[in-house]
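# Fold and contact review
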Amino acid sequence: MSYNRIAVYGHRGWAGSAIFNALVASGAPVKVIYRPGSDVSSVPSGVAKVELDIEKQQQELVAALQDIDIVISLVGHEGVLRQHAFVKALPRTNVKLFVPSDLGIRVNDEQGLRVPVNKTKQEVVDAAKKAGISTAVVQVGCFAESAFSIGIMGIDYTGNRMVFTGDSANQLVNICTRDYVAAAYASIFARTPPAELAGRVIGVSELKATGSEIAAALKKKYGVEPHIFKHSLEKVDNEIETCIKNGIPLSLAWWCRKTWGNGTLVKSIGEEIWEVEGYPKATLEELLVGDKLSPYRDLPPQIKQAFNSTIH
Ligand SMILES: NC(=O)c1ccc[n+]([C@@H]2O[C@H](COP(=O)([O-])OP(=O)(O)OC[C@H]3O[C@@H](n4cnc5c(N)ncnc54)[C@H](OP(=O)(O)O)[C@@H]3O)[C@@H](O)[C@H]2O)c1
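Since this is a predicted model, take the numbers as computed values, not measurements. (Residues numbered from 1 in each chain as written. Predicted model: local features only at pLDDT ≥ 70, side-chain atom pairs only at ≥ 80, totals over all residues. Heavy atoms only, no water.)

Pairing in this open sheet of three strands is mixed, and the strands run β7-β10-β12 from one edge to the other. Since the sheet does not close on itself, it has two edges, and those belong to β7 (142-143) and β12 (207-210), each with one partner. With two bridges connecting them, β7 and strand β10 (residues 172-176) associate as parallel partners. Looking at β10, one finds that Cys142 is bridged to Ile175. (Pairing = 2+ DSSP bridges. Helix = DSSP H or I, 4+ residues; strand = E, 2+ residues; numbered from the N terminus.)

Among the nonpolar cores identified, the biggest contains 86 residues, and Ile72, Leu103, Phe148, Met153, Tyr185, Phe189 and Ile214 are the most heavily contacted of them. If you tally residues by element for this core, the top one is helix α6 (residues 178-189), at nine residues. Two domains each donate at least three residues to this core, and these are domain 1 (6-141 + 177-203) and domain 2 (142-173 + 206-266 + 277-292). One finds Ala64, Leu65, Val80 and Val124 within the second-largest nonpolar core, a separate group that totals 23 residues. (Core = buried A, V, L, I, M, F, W, Y, C linked by side-chain atoms within 4.5 Å. Buried < 20%, exposed > 50% of the residue type's maximum accessible area, 1.4 Å probe, protein only. Domains from an automatic or database assignment.)

Next up on the list: the environment of Val50. Its place among the elements puts Val50 in strand β3 (residues 48-51). On the basis of relative accessible area, Val50 is assigned to the partly exposed category, the value being 21%. Between the alpha carbons of Val50 and Glu60 there is a distance of 9.3 Å; along the sequence they are ten residues apart.

This is the structure in structure tokens:
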């Protein structure tokens, strides 16, 4: 199988930088499309780079994509809406597959689709389908680095505290380290013929654990039971609605916890799990007890405080 020619948008993000490096290391020809002002100093000299504003420079974007097979977007939340610029441009190119930024869980419920970032991501996928663009989406559940440390899922690894939401003590959560996801992107997109990936929701799973298993790992690490708080699904429902109504960004965190607590999270990465051949998967024990968990990015104090306020 020959290599796919890949364009990456969002090469510098927390998840995107590791994925970009893995794609480059795979040997596939990679081109970086970046917005004016982005830092490209870490892009290896052999990698093609094109600076453009994808919304304002459509013609240049179409030209930059003429020799590309797969467009992979890795933009963070603020950039999700901009991906409509790819939807406009791609029908005028020979690109065979568009992979919008997702890296979460498939959203099937009405409330989940009202969570702003979920809604915006889904609108991009829907617009791409409507435009006849072949699309593939990668779902990872939760990144270990954020799920265990910043409180988004109600787990505070360093503080030995966690929240059980609904039945999350007995329900599985799907977890991947950033390195595993990066290896998965390279394994999926470097050589697989784009036609084989079109229309697919591809799940990536490094490990799965129940809330009780995570609590047991914390106990093993600290020698004492973690401080457990319990939230009912009704409470979480109210939190989601309040956040949506008032534009509070925590709606995503509460909704993710709800999907864990009602057992839908693990199913929402789809049934089709992509295994990365030869990659030694991390275990819960290695990450939480063996201190192999890499730090997440540094968050502003007000965001840390906001997550912290949801664990009580
Ligand atoms: N499931 C999980 O647990 C989880 C956790 C984290 C992230 N994610 C998902 O992973 C994906 C990437 O997230 P991330 O946190 O890694 O992203 P990030 O660090 O915020 O990504 C920043 C990248 O996106 C680009 N970008 C940001 N805002 C932009 C804008 N307005 N216009 C154009 N480009 C913009 C940046 O370009 P510049 O270089 O120009 O700054 C940079 O390359 C997202 O879909 C996110 O939802 C999932």
